[in-house]
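Okay, here's what each chain looks like letter by letter:
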Amino acid sequence: MPVPAPRSVQRCFEPDVHPGIIGVVAATLPLHSGAGATREPRKGRPRPHRLARFWTAALGAEPITTEPDLVEARLRIGDDLFLDLCFPRVTAPSDAPARLHPDLAGGARPQDVVRRLLDLGAEPADIGQGDVPWTVLTDPEGNAFCVLAEHERDTGPIAALPLDSADPGRDAAFWAGITGWVPAGATALRHPSGVGPLLQLWPEPEPKRGKNRLHLDVRPDAGDGDVVDRVLRSGGTTSGAPSDHPWRVCADPSGNEFCVLSMAQGGERVRP
């Protein structure tokens, strides 16, 4: 079977606020913590602009949309590769355990990266990780993320996107089939150019319950065909009938939500 062309991925943070995460290449995603647990999100009125300011500064992203209830930013990770970040306000934030989170690249001096993030408003977090070679922090809305001391080269500031899975091997094949990303380990995927973050499928610490607070968006490219049909044929599901929205809500075989964007929302295209 021919491998579909790699499509764009971006990540969306739904404030409570939670970063929306990429589909997989240059698209959109939500966050979770490496140990399968996070500190409780802060209560009160979600503040997408506050969260967006933190993450754009932390990653060096450029705002591309600023509205009262929505901020979008673009993170360039190569000449033709980018990751879009989406921070929408939500009326009913999820209190389900996080299943997706960003692992940030610490580079040669990870503690310098940690100090800079603390200066931007991050806080240290203890999620029971014990003595590990990475640092766990939370963003200003309580979303946990990690700073890695060791990671792949050429990832950009986001080294990896770990996603909980009921069957990592099965779900890695699912995500490869709908995005065109290629294996980068037993249950990890990466853009075929070898640039950008890894999507890593990890055994879930517990079955999924409730809506994910961070999710991926998949942005189809011209010539990709019907990506939603491919989702269904690969074991994923859709939520409800098609609507007037420029996206379709889907879920992978483990129930992790993501959106397939319409071509009209594609903007620039990611090319391998």
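Residues numbered from 1 in each chain as written. Predicted model: local features only at pLDDT ≥ 70, side-chain atom pairs only at ≥ 80, totals over all residues. Heavy atoms only, no water.

### Observations concerning the nonpolar core
This is how the line gets drawn: Put simply, buried Ala, Val, Leu, Ile, Met, Phe, Trp, Tyr and Cys residues joined by side-chain atoms within 4.5 Å make one nonpolar core. Between buried and exposed lies partly exposed: a residue is buried under 20% and exposed over 50% of the maximum accessible area for its type, with that area taken using a 1.4 Å probe on protein chains only. Under the DSSP-based scheme used, a helix requires at least four consecutive residues in state H or I and a strand at least two consecutive residues in state E, with every element numbered from the N terminus.
One finds Trp-55, Leu-117, Phe-145, Trp-175 and Phe-258 to be the most contacted residues of the largest nonpolar core, which totals 45 residues. Counting residues per element, this core draws most heavily on helix H1 (residues 48–59), which supplies six residues. With seven residues, the next largest nonpolar core counts Ile-127, Val-136, Cys-146 and Leu-148 among its residues.

### Here's the deal with empty space enclosed by the protein
What counts here: For cavity detection a 1 Å grid was placed over the protein atoms alone, and a set of points counts as a cavity when a 1.4 Å probe fits there but cannot get out; an open set counts as a pocket when protein lies on both sides within 12 Å along at least five of seven lines, with lining residues being those that have an atom within 4 Å of a point. Grid points are joined across faces, edges and corners, and a volume is the space filled by probe spheres set on the points. Residues are sorted three ways: Asp, Glu, Lys and Arg are charged, Ala, Val, Leu, Ile, Met, Phe, Trp, Tyr, Cys and Pro are nonpolar, and all the rest, Gly among them, are polar.
Taken as a whole and judged by the stated rule, the model has three cavities of 30 Å³ or more. Estimated volume of the largest cavity: approximately 60 Å³. Lining the largest cavity are 10 residues, with Pro-97, Arg-99, Asp-164, Glu-206 and Pro-207 positioned closest to its centre. A breakdown of the residues in the lining of the largest cavity according to their chemical character gives four nonpolar, one polar and five charged.

### Comments concerning the pairing of strand E13 (residues 214–219)
Our working definition: When DSSP finds two or more bridges between a pair of strands, those strands are recorded as paired.
Most of E13 is tucked away: six of the six residues are buried. Residues Leu-214, Leu-216 and Val-218 point to one face of E13 and His-215, Asp-217 and Arg-219 to the other, with burial holding for every one of them. Bridge count between E13 and strand E16 (residues 257–261): three bridges; the pairing is parallel. Bridge pairing in E16 links Val-218 to Val-260.

### A few points about the packing of aromatic side chains
Going by this rule: When two rings of Phe, Tyr or Trp (its six-membered ring) have centres within 6.5 Å they constitute a pair, described as stacked for plane angles under 30 degrees, edge-to-face for angles over 60, and tilted for the intermediate range. In our convention, an over-ring charge means Lys NZ or Arg CZ found within 6 Å of a ring centre and within 35 degrees of that ring's normal.
Across all of its chains, the model carries six aromatic pairs by this definition. For the pair Phe-54 and Phe-145, a centre-to-centre distance of 6.2 Å together with 55° between the ring planes defines the contact as tilted. Of this pair, Phe-54 sits in helix H1 while Phe-145 sits in strand E8 (residues 144–148), and the two are 91 residues apart along the sequence. Relative to Phe-258, the ring of Phe-174 lies with its centre 6.1 Å away and its plane at 65°, an arrangement referred to as edge-to-face. Of this pair, Phe-174 sits in helix H3 (residues 168–179) while Phe-258 sits in strand E16, and the two are 84 residues apart along the sequence. An identical accessibility class is assigned to Phe-174 and Phe-258; each is buried. Put simply, the rings of Phe-54, Trp-55 and Phe-145 touch in pairs and so form one group of aromatic residues. Against the face of Phe-82 rests Arg-74, its NZ or CZ located 4.0 Å from the ring centre.

### Describing the environment of Phe-258
The condition is simple: Here, residues are in contact when the closest pair of their heavy atoms is within 4.5 Å.
Taking relative accessible area as the criterion, Phe-258 reaches 0% and is therefore assigned buried. Between the C-alpha atoms of Phe-258 and Asp-217, which are 41 residues apart in sequence, the distance is 5.4 Å. What Phe-258 contacts, discounting residues up to four positions off in sequence, is Phe-174, Trp-175, Ile-178, His-215, Leu-216, Val-218, Val-231, Arg-248, Val-249, Cys-250, Ala-251 and Asp-252.

### Looking at the packing of H1 against helix H2 (residues 110–120)
Note the threshold: Fitted lines through C-alpha atoms give the axes, limited to the stretch in contact for helices. The angle between two N-to-C directions lies from 0 to 180 degrees. Here the word oblique covers every angle except those under 35 degrees (roughly parallel), over 145 (roughly antiparallel) and from 65 to 115 (roughly perpendicular). In this scheme the crossing of two helices becomes right-handed for a clockwise turn of the near helix relative to the far one and left-handed for an anticlockwise turn of less than a right angle.
Two elements in contact, H1 and H2, have axes separated by 10 Å at closest approach and are oriented at 155°. It follows that H1 is roughly antiparallel to H2 by the angle criterion. When the axes of H1 and H2 are compared, the crossing they make is right-handed. Along its contact with H1, which presents Phe-54, Ala-57 and Ala-58, the element H2 presents Arg-116, Leu-117 and Leu-120.

### As for the sheet that holds E8
Spatially, the eight strands line up as an open sheet ordered E6-E7-E8-E5-E9-E12-E11-E10, and their pairing is mixed. With one partner strand each, in any of the chains shown, strand E6 (123–124) and strand E10 (182–183) form the two edges of the open sheet. Sheet strands touched by H2: strand E5 (103–105), E6, strand E7 (134–138) and E8. Its angle to E8, the strand with the most contacts, is close to 150°. This element, H3, spans strand E9 (158–165), strand E11 (188–190) and strand E12 (198–203) of the sheet and lies at about 155° to E12.

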